[in-house]
Amino acid sequence: MTQTIAPRVRTLVLLILAVAGALLAGAAPASAHAALTGSDPAQGAVVDTAPSQVSLTFSEPIAVGDDSVRVLDPKGERVDKGDPANPSGTTYSVRLVSGLPDGTYTVAYQVVSADSHPVAGAFTFSIGAPSETTVSVSAQGSDDGLVGWLYGFGRYVSYAGFVVLAGGAAFVLACWAPGARVRAVQRLVVSGWLALTAATLGLLMLRGSYITSGKVGDVFDLELLGDVLQTKTGAALVSRLLLLAAAALFIAVLFGAYARTADAVEPDRDGGGDDGGPDKRDLTFGLALGGTVVAAGLAASWAMSEHASQGLQAGVAMPVDVVHLLAVAAWLGGLTALLVALYRAPVETPVGRDAVRRFSRLAFGSVVTLAVTGVYQSWRQLGSWSAFTDTRYGQLLLVKIALVAVMVAVAFLSRRWTQRLADARVSEAAEEAERTEATERVEEAVRAEEAERAEEAVRAEEAERAKATVRAKEAVRAEATERAEEEKQPAGTAPAEASGTSEVPGASMAVEPPKASGASDAFDAEKAEAGQDSVRAAQLARQRAAAEAARQKRLRDADPNRFGLRRSVLAEAGVALVLLAVTTVLTQTEPGRTEQDARAATAASSSASATGQGSGAVSLTMPFDTGGKSGKGVVSIDLDPAQAGDNALHLYVEGPDGTPVDVPEVKIALTLAAQNIGPLPVAPDHVTTGHWSASRVQIPMAGDWKVEVTVRTSDIDQVTVSKNAQIG
């Protein structure tokens, strides 16, 4: 059964990577997170006289460069002059040369949104009447093509590296201390650090080309790199590299000093605390505190430069985003470390049931945290239930929620396998205790029998000694009798016998040296043989130990409960890979709230043209969102004749669906910053549903006036939006 595990694992991993790659490759180009919500002249508009400038209004602040906004005549020649300006709020303008002839003009823009994503697009307007144009603006932005694909892949690798680095270290510290000594776990965490470091360096090099030309040759442009370092995204990437240097020190201590204090085999205990001495507890606390700070800093490098840094409640959204990323790392990264431990941990350092239980508790806390922070982020990025189905961001978010639900279901199965593994361990422990007791009884019986045999041997030896004593006494008496008889014999026979007797010791002494030499040789031979026996015994012991380890591994792999746990954790990890790919695409997709605001602004502009609301000399359209219930909509202003002196002003408020709506209060203020005039308040009168007007609005002089509208939708929810209008 275990021989088929590796091929199946490889097949499943390849399928998962293929699905993830399809999601990344099949996703639309990285959508802009700042949307064009209005322009003056409007898209497709036909104006009677040539405007002096073109103004673009976006849903959030953007970064512009020298060529960020270009205006081209019907022949493709540029007719804009100077750099783009930011007269107010999220409105950006570029001045035009004077005396423009009639025809169709193309406005092309390429800017960078405040959440670091490039925004590109184009539209046309006409002077006098539409005409043919030779301008062909490419639909491909800088985020398309090879550079855009590499940048998206680098983002995926950076997320994956952070998850593995932070989650793997958390798994070792919080769930399985002996894992610090396991080579496979060490390689996993170090691989996460290497992946995140390499991806960060790659993103830093690609960033300049990604937000400008999109050309591969500009990747190594040092001037572009210098410009990137002065941006918010560049600062975030550099901060990430500095934090990774601190993370390298953390890894060295974790797999160095901390690993030496970890027990090779973790005792089965219900608590997750550390059983070491004060030094080990202090080291664990220091690593946990330092690792949390470094991980939070790494997570903040994303939060400070992406979605969370812009839009509603940015001060709350960024800490929430940091907590969200840490929870993702603890869950998915810890899951990856658990998978590696289940498949690659050596026999002498197995991952125990208590480690799995502690990770289960950690994962549960992470899922709860993800649910709370995810609900807040969803409200902030979508703003309405309809955005779940009407926007690409909402649709991807539904896919992400479904994948999280699948992971939670599989995690429940893993929890059941863990419980079965624990029950099996309990029964095995009981059987082991019974076997130990039986062995002790057998050993006690053997010891009793050996003691009895020893006692019998002692008694037999004593009897033998007694018999020997009797025989010795009899021999002494016989010898005494023999000597007495010899003394009675004639004296002449004694010398001969004495002479014969004296030859015996001499002969004995002559033979003695050879006997001594033979004993020495025998001793040396026995000693050499004993040395060879010890070498063979050591080799045999190693072979037996290796065989026993292999046998234990086969038994461990053949355990159906452990096998089921490994398969369920592998399934969780597979879903996690796809989830991470969807999350990466989600971070590159225009938020649903922004997309709906842009649609509402376009619909309001079209509605104004159809109903005659835009018949004035100046017509302004501004989306608003107060953040409260029914707080989204579009406000349109018509100012006629838009000249110095008396003017008629009409204000219209519409909901997201384009229907007129009433609000408790609207206020208007006019400011000419160039001459330090204003703000001049205007109090319009309510005419009918969604319509206010004011007559005899005095505008003292011509210029680029800022029109501010404050919309209040409840007692506490209000917002001020603005746009510039050329008067005179």
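Here's what I pulled together on the structure shown here. (Residues numbered from 1 in each chain as written. Predicted model: local features only at pLDDT ≥ 70, side-chain atom pairs only at ≥ 80, totals over all residues. Heavy atoms only, no water.)

## Quick notes on the nonpolar core
In terms of nonpolar packing, the biggest core is built from 70 residues, with Phe162, Trp176 and Leu254 touching the most fellow members. When residues in this core are grouped by element, the largest group, 15 residues, is from helix α8 (residues 314-344). Ignoring any residue separated from it by four or fewer positions in sequence, one finds phenylalanine 162 in contact with Gly167, Leu196, Ala295, Leu298, Ala299, Trp302, Leu325, Leu326 and Ala329. Ile677, Trp705, Val721 and Ile727 belong to the second-largest nonpolar core, a separate cluster that totals 29 residues. (Core = buried A, V, L, I, M, F, W, Y, C linked by side-chain atoms within 4.5 Å. Buried < 20%, exposed > 50% of the residue type's maximum accessible area, 1.4 Å probe, protein only. Helix = DSSP H or I, 4+ residues; strand = E, 2+ residues; numbered from the N terminus. Contact = heavy atoms within 4.5 Å.)

## With respect to the packing of aromatic side chains
Evaluated as defined, the whole model comprises 11 aromatic pairs. Relative to tyrosine 109, the ring of phenylalanine 58 has its centre 5.6 Å away and its plane inclined at 75 degrees; by these criteria the two rings are edge-to-face. Here phenylalanine 58 is found in strand β3 (residues 53-58), whereas its partner tyrosine 109 is found in strand β8 (residues 103-113), with 51 residues between them in sequence. In this structure tyrosine 109 comes out as buried when scored by relative accessible area, which is 11%. Considering the side-chain rings of tyrosine 159 and tryptophan 302, the 5.2 Å spacing of their centres and the 15 degrees angle between planes classify their relative orientation as stacked. (Phe/Tyr/Trp six-rings, centres within 6.5 Å; stacked < 30°, edge-to-face > 60°.)

## Points about the sheet that holds strand β10 (residues 618-625)
Pairing in this open sheet of five strands is antiparallel, and the strands run β10-β11-β12-β16-β15 from one edge to the other. Two strands bound the open sheet, and with one partner strand each, they are β10 and β15 (685-688). Strand-to-strand twist across the sheet, computed as the mean angle between neighbouring axes with direction ignored, equals 25 degrees. Of the strand pairs in this sheet, β10 and strand β11 (residues 632-640) are connected by eight bridges, and their pairing is antiparallel. What sits directly across from valine 618, in β11, is leucine 639. (Pairing = 2+ DSSP bridges. Axes fitted to C-alpha atoms, helices over the stretch in contact; angles between N-to-C directions.)

## Concerning the pattern of salt bridges
Opposite charge on two side chains allows them to pair when their charged atoms are near. By the definition in use, this model includes five salt bridges. The partner of arginine 78 in a salt bridge is aspartate 80, with the nearest N and O atoms 2.7 Å apart. Classification of arginine 78 by relative accessible area gives partly exposed; the value is 39%. A relative accessible area of 12% places aspartate 80 in the buried class. Among the salt bridges present, the one from arginine 712 reaches aspartate 715, with a minimum N-O distance of 3.9 Å. Overall, the relative accessible area of 74% leaves aspartate 715 in the exposed class. One salt-bridge network, in which partners are shared between bridges, spans Glu665, Arg712 and Asp715. (Salt bridge = Lys/Arg side-chain N within 4 Å of Asp/Glu carboxyl O.)

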